[in-house]
Amino acid sequence: MTPRPVGTTVDGTCAFRMMPTDPFDERPSSAMVMRVGGGLTLHCTWVHPMDGGQQGVLLVGASPDEGPVEATLVDPAQPRRKRRRARTPVVGTDHTG
């Protein structure tokens, strides 16, 4: 995959299946990365086979030192069930640029 500038929308497909033995159902999807302060947001859209069009935002931030990266997933269609926060240690990441 060729790197693209921040703010560029990338179109593609996503594949969904309910059970491991079900065939994949591919539908359109897109994503765009934006800079926000010292972090990034990933805005994404996809089409669920039964629920139709969906959208979500992944907010990713890190402290200036080599501490944890924090991420929050926001799915407006399911605000109470889909918000998740993860902390992952960062190893050898350059936070200056």
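Throughout what follows, the structure given in this document is the object of discussion.

Conventions we followed
- Residues numbered from 1 in each chain as written.
- Predicted model: local features only at pLDDT ≥ 70, side-chain atom pairs only at ≥ 80, totals over all residues.
- Heavy atoms only, no water.
- Helix = DSSP H or I, 4+ residues; strand = E, 2+ residues; numbered from the N terminus.
- Buried < 20%, exposed > 50% of the residue type's maximum accessible area, 1.4 Å probe, protein only.
- Areas by Shrake-Rupley, 256 points an atom, 1.4 Å probe, with all protein chains shown as cover.
- Pairing = 2+ DSSP bridges.
- Polar contact = N/O pair within 3.5 Å; in protein donor to acceptor, adjacent residues only side chain to side chain.
- Salt bridge = Lys/Arg side-chain N within 4 Å of Asp/Glu carboxyl O.
- Patch = residues over 30% accessible without salt bridge, like charges linked within 9 Å, V, L, I, M, F, W, Y side chains within 5 Å.

Let's talk about the overall build of the protein chain
The helix and strand inventory of the protein chain stands at zero helices and six strands. Overall, the protein chain shows an N-to-C arrangement of helices and strands of β-β-β-β-β-β. Within the span of the protein chain, comprising 97 residues, buried residues form 12% of the whole. Element-wise, carbon and sulfur atoms account for 58% of the exposed surface of the protein chain, whose accessible area totals about 7400 Å².

Describing the pairing of strand 3 (residues 39–48)
Judged from the eight bridges that link them, strand 2 (residues 25–36) and strand 3 form a sheet pairing that is antiparallel. Paired with Val-36 across the bridge in strand 3 is Gly-39. Between strand 2 and strand 3, which pair antiparallel and follow one another directly, the connecting turn spans two residues, one of which, Gly-37, has a positive phi of 55°. Inspection of the sheet shows strand 3 paired to strand 4 (residues 52–62) by nine bridges, in the antiparallel sense. Note on strand 4: the bridge partner recorded for Leu-40 is Val-60. Between strand 3 and strand 4, which pair antiparallel in sequence order, lie three residues.

Points about the side chain of Gln-54
Within the element layout of this structure, Gln-54 appears in strand 4. Owing to a relative accessible area of 15%, Gln-54 belongs among the buried residues under this scheme. A distance of 3.4 Å separates a polar side-chain atom of Gln-54 from the backbone oxygen of Gly-52.

Details of the pattern of salt bridges
Where side chains of opposite charge bring their charged atoms close, a pairing between them can arise. Under the counting rule described, the total for this entry stands at one salt bridge. Among the ionic pairs, Arg-27 bridges to Asp-25, the shortest N-O distance being 2.9 Å. When its relative accessible area of 27% is taken as the criterion, Asp-25 is described as partly exposed.

Considerations on a nonpolar patch on the surface
Together, Val-6, Val-33, Met-34, Val-36 and Leu-40 give the surface a local cluster of nonpolar side chains, amounting to about 350 Å² of exposed area. Tallying contributions element by element places strand 2 first for the nonpolar patch, with three residues. Its place among the elements puts Met-34 in strand 2.

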